Amino acid sequence: MKRRAVLLSVALSVVVAACSDPAAELPAPPTTAPTTSTTAAPDLSLIDLGGVPGTTSTTVAIGPGKARLSGVVNGPSGPVPGAHVRVERLVGGGVAVADVQADGAGHWELPRILGGRYRVRAWLAPELALVKPEVLFLGATEERDVPIPVQRYVGLVAVPATAPAPPIVDEPVTLVVQVARRLVDEQGVVRSSSVPLTRLELFGGGAWEIGSANPTTSDSAGRGEWELRCNSTGRHPLTVLVGQEESVPVDVEACALTPPPVASTTTTGGTGTTTGRPRSTTSTTGRRTTTTSA
């Protein structure tokens, strides 16, 4: 019995020693052979993708090249020192822009540029501008002089309209004048703003009779209206005083004795011509009878 206890104690000591020994060998984990995927990559070529908002832009070059543009900016009083000149090279829907400032004599120059189609304009804020740019084609090695005329767009302006047009002598005519204030912004764009709810007084020579209230007040769009009568043929000056600030010329068409002729209609094949308000006549040619207003 005692011998069995001793043997059991020795066996337990060996097991404990084996478990506490960090160097004791542990059974190796089971190994799994690697697997190989045979799944093919998906084909996305037939998928319809939605559009992306925005615009596509193309870079356009203006130089370097062997061509040259130059010129002088002239206004109503002569050369315009310090004028801003914008040169744009146009290629398809793309634009390349170069800005040049005129010198003290109004002269400007843009050397070493490429040939092609160009648009050129100039301005001097807040009063001078070219509203219709110069458009030209420049050769690859061409040197072109491009004078740029600018006009004054500043202060008050009165734009008239008459009914009838032109005014008829000794017949009533309605005159509507729209008054606006203009200026040229820093990008050379002419801006206009109406002059609403302002006192407008019309002045004219002896050739005009005013048959309505004068002065009147402009409406929300800057328009004033008068009933007039022209006493003689020709162009007769009118001016409108805006508030107490400035008198502005009103360029009305010349007065006429009779209304302008009605547009005539001419056809062939037995049909006559209609002009104005003439009498009707009937003519017979061969077997066809034609009624003509002439």
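Criteria and thresholds
Residues numbered from 1 in each chain as written. Predicted model: local features only at pLDDT ≥ 70, side-chain atom pairs only at ≥ 80, totals over all residues. Heavy atoms only, no water. Salt bridge = Lys/Arg side-chain N within 4 Å of Asp/Glu carboxyl O. Helix = DSSP H or I, 4+ residues; strand = E, 2+ residues; numbered from the N terminus. Buried < 20%, exposed > 50% of the residue type's maximum accessible area, 1.4 Å probe, protein only. Polar contact = N/O pair within 3.5 Å; in protein donor to acceptor, adjacent residues only side chain to side chain. Pairing = 2+ DSSP bridges. Disulfide = S-S within 2.5 Å. Contact = heavy atoms within 4.5 Å.

On to the pattern of salt bridges, then. A complete count under the given rule lists 10 salt bridges for this structure. For the salt bridge of Arg86 with Asp99, the shortest nitrogen-to-oxygen distance reads 2.8 Å. Within this pair, whereas Arg86 is found in strand 3 (residues 84–91), its partner Asp99 is found in strand 4 (residues 94–101), the two being separated by 13 residues in sequence. The exposure class of Arg86 is buried, given its relative accessible area of 14%.

Quick look at the side chain of Glu88 now. Note on placement: Glu88 falls in strand 3. What makes Glu88 buried here is its relative accessible area of 13%. At 2.7 Å, the side chain of Glu88 forms a polar contact with the side chain of Arg119.

Only one face of strand 18 (residues 223–230) is buried, namely the one carrying Gly224, Trp226, Leu228 and Cys230, since none of Arg223, Glu225, Glu227 and Arg229 on the opposite face is buried. Pairing of strand 13 (residues 172–184) with strand 18 involves seven bridges; the strand directions are antiparallel. Its bridge partner being in strand 18, Thr174 is matched across the sheet by Glu227.

Ordered by their spatial adjacency, four strands build an open sheet running 17-15-19-20, and the pairing between neighbours is antiparallel. What marks the edges here is a single partner per strand, and that holds for strand 17 (216–217) and strand 20 (246–250). With five bridges joining them, strand 15 (residues 199–204) and strand 19 (residues 238–242) adopt antiparallel strand pairing. Following the sheet pairing, Glu201 is matched in strand 19 by Leu241.

Let us look at the pairing of strand 6 (residues 116–124). Examined bridge by bridge, strand 3 and strand 6 share seven bridges and lie antiparallel to one another. Across the sheet, residue Val85 finds its bridge partner in strand 6, namely Ala122. One ladder, built from five bridges, connects strand 6 with strand 8 (residues 134–138); its direction is antiparallel. Bridge pairing links Val120 to Glu134 in strand 8. Bridge count between strand 6 and strand 7 (residues 128–129): two bridges; the pairing is antiparallel. Across the sheet, the residue bridging to Leu124 is Leu128, located in strand 7.

All chains considered together, the criterion is met by one disulfide. Disulfide pairing places Cys230 opposite Cys255 at an S-S distance of 2.1 Å. Residues Cys230 and Cys255 are joined by a disulfide whose S-S torsion is about 110°; by sign, that bridge is right-handed. Of this pair, Cys230 sits in strand 18 while Cys255 sits in the loop between strand 20 and strand 21 (265–266), placing them 25 residues apart in sequence. Like Cys230, the residue Cys255 is buried in the burial classification.

To continue, consider the side chain of Thr198. Inspection of the secondary structure puts Thr198 in the loop between strand 14 (190–194) and strand 15. A relative accessible area of 18% means that Thr198 is categorised as buried. Looking at Thr198, its side chain comes within polar contact range of the main-chain oxygen of Pro196, at 2.8 Å. With residues up to four places along the chain from it excluded, the contact list for Thr198 reads Thr216, Thr217, Ser218, Val242 and Gly243.

Both trends apply: most residues other than glycine have a negative phi, and most peptide bonds are in trans. The omega torsion of the bond from Gly63 to Pro64 falls at 5°, within 30 degrees of zero and hence cis. In this structure, Pro64 sits in the loop between helix 1 (2–20) and strand 1 (67–75). In this structure, the amide linkage connecting Asn214 to the following residue, Pro215, adopts the cis form with an omega of 10°. For Pro215, the position within the fold is in the loop between strand 16 (208–210) and strand 17. Even without glycine at this site, Arg112 takes up a positive phi of about 55°. Its place among the elements puts Arg112 in strand 5 (residues 107–113). Judged by its relative accessible area of 61%, Arg112 is exposed. A positive phi is found at Asp170, a non-glycine position, where the angle reads about 65°. With respect to the helices, strands and loops of the structure, Asp170 is situated in the loop between strand 12 (155–163) and strand 13.

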